[in-house]
Amino acid sequence: MMTSIFDFISTNALILIIALLLDRLMGEPKSWHPLVWFGRWVDLVRQYTVAPHTAKASQQKRAGVIAWGLAVIPWLLILGGLFWLLPTWLDRSLSVLIVYFAIGWQSLREHAFAIADPLQKAVQGDSSGLPQARQAVGYIVSRDTQNLSEEEVAKAGVESVLENGSDAIFAPIFWFVVAGVPGILLYRLANTLDAMWGYKNDTFIHFGWFAARCDDVLNYLPARLVVYTYGACGQWQAALRSARRPSASWKSPNAGPVMAAGAGALGIQVGGSAPYFGKVEERPVLGEGEQAQPKDLIRAVELVDRSVYLWGLVICLLF
């Protein structure tokens, strides 16, 4: 039976499908995760490589490049050694585990439903629903959520689902298809470093510059594929129009087009003004149609789900 399966799809495609099924059924481990260990390693690396605040910008950037290399390259070398030493059946099992840990499909769904369920209660008149939804959306967006309305919570949740669908699901899959397990590991570690160091504040604006740029480069092609995928799984013309507008370059070269395309595919608008800890930031409107509503959060999850199924089908057929 296993031989007949390998006759139809490649080993990497089978590894990916098994990993996606594991992720969908089990989600992320609740008590531990390899990226937690990596985060501790990253903190240790930074302690020994960070340049003084008085150092020139070029020196801080150089320190950030060295720190990035020390944080990532040893794990790629260890992985290569393991795959060279392990028998075939064991390296394929390890590959499944690495891909499973690198993809955050079910985690994204759980975060979205943690917002959508209390938000639906709020729509139905339950006064406890909105505070719960605000708290839940605060876990996945970097903005002030304490005073958001139902529509603002929904908009923030939709934006996060669409953007993180690209970062947490499709970009890892892309790099696994392109470069196998080393590719997906490189992407996940680089993406984690961007999340830890890629801030434009006094501490990281220069030190984290390389981490942020690496993440932008690694996400560039996957994000463009996600634009077309969201369009194929929703309203095609509206998705592409939205992604091509100049306003779609807002925030980053990757997140803006992805969110714009997803909003267009759903026939809604996101973006616009949003509170960021004491000030209201005016952002461009992305997408087409009415403003995002609470019901659209579930529609965004369904769009991401359909996109995952489409990618899985295409990969099995082509690879």
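Provided above is the structure to which this section pertains.
Structure report, in brief. (Residues numbered from 1 in each chain as written. Predicted model: local features only at pLDDT ≥ 70, side-chain atom pairs only at ≥ 80, totals over all residues. Heavy atoms only, no water.)

1. Observations regarding the pattern of salt bridges
On inspection of all chains with the given rule, the structure shows eight salt bridges. Residue Lys295 pairs with Asp296 through a salt bridge whose shortest N-O separation is 3.6 Å. Assessed through its relative accessible area of 54%, Lys295 is described here as exposed. In this structure, the salt-bridge partner of Arg299 is Asp296, at a minimum N-O distance of 2.8 Å. Residue Arg299 and its partner Asp296 are located together in helix 12 (residues 294-318), separated by three residues, close to a single helical turn. Members of the salt-bridge network, linked through shared partners, are Arg143, Glu159 and Arg283. (Salt bridge = Lys/Arg side-chain N within 4 Å of Asp/Glu carboxyl O. Buried < 20%, exposed > 50% of the residue type's maximum accessible area, 1.4 Å probe, protein only. Helix = DSSP H or I, 4+ residues; strand = E, 2+ residues; numbered from the N terminus.)

2. Notes on the environment of Ala292
With respect to the helices, strands and loops of the structure, Ala292 is situated in the loop between strand 5 (290-291) and helix 12. Residues contacting Ala292, with those up to four places away along its chain left out, are Glu151, Ala154, Lys155, Ile268, Gln269 and Val270. (Contact = heavy atoms within 4.5 Å.)

3. Focus: the packing of aromatic side chains
Counting across every chain of the model gives eleven aromatic pairs. Ring centres 6.5 Å apart and planes at 85° place the aromatic pair Phe170 and Tyr230 in the edge-to-face group. Taken together, the positions of Phe170 in helix 8 (residues 150-197) and Tyr230 in helix 9 (residues 209-232) put the pair 60 residues apart, joining distant regions of the chain. Ring geometry for Phe174 against Trp175: centres 5.1 Å apart, planes inclined by 90°, an arrangement best described as edge-to-face. Taking the relative accessible area as the measure of exposure, Trp175 reaches 19% and is therefore buried. Of the aromatic side chains, those joined through ring pairs into one cluster are Trp68, Trp209 and Phe210. For the cation-ring pair, Arg46 lies above Phe207, with the distance from its terminal atom to the ring centre recorded as 5.6 Å. The ring of Trp209 carries Lys61 above its face, with NZ or CZ at 4.8 Å from the centroid. (Phe/Tyr/Trp six-rings, centres within 6.5 Å; stacked < 30°, edge-to-face > 60°. Lys NZ or Arg CZ within 6 Å of the ring centre and 35° of its normal.)

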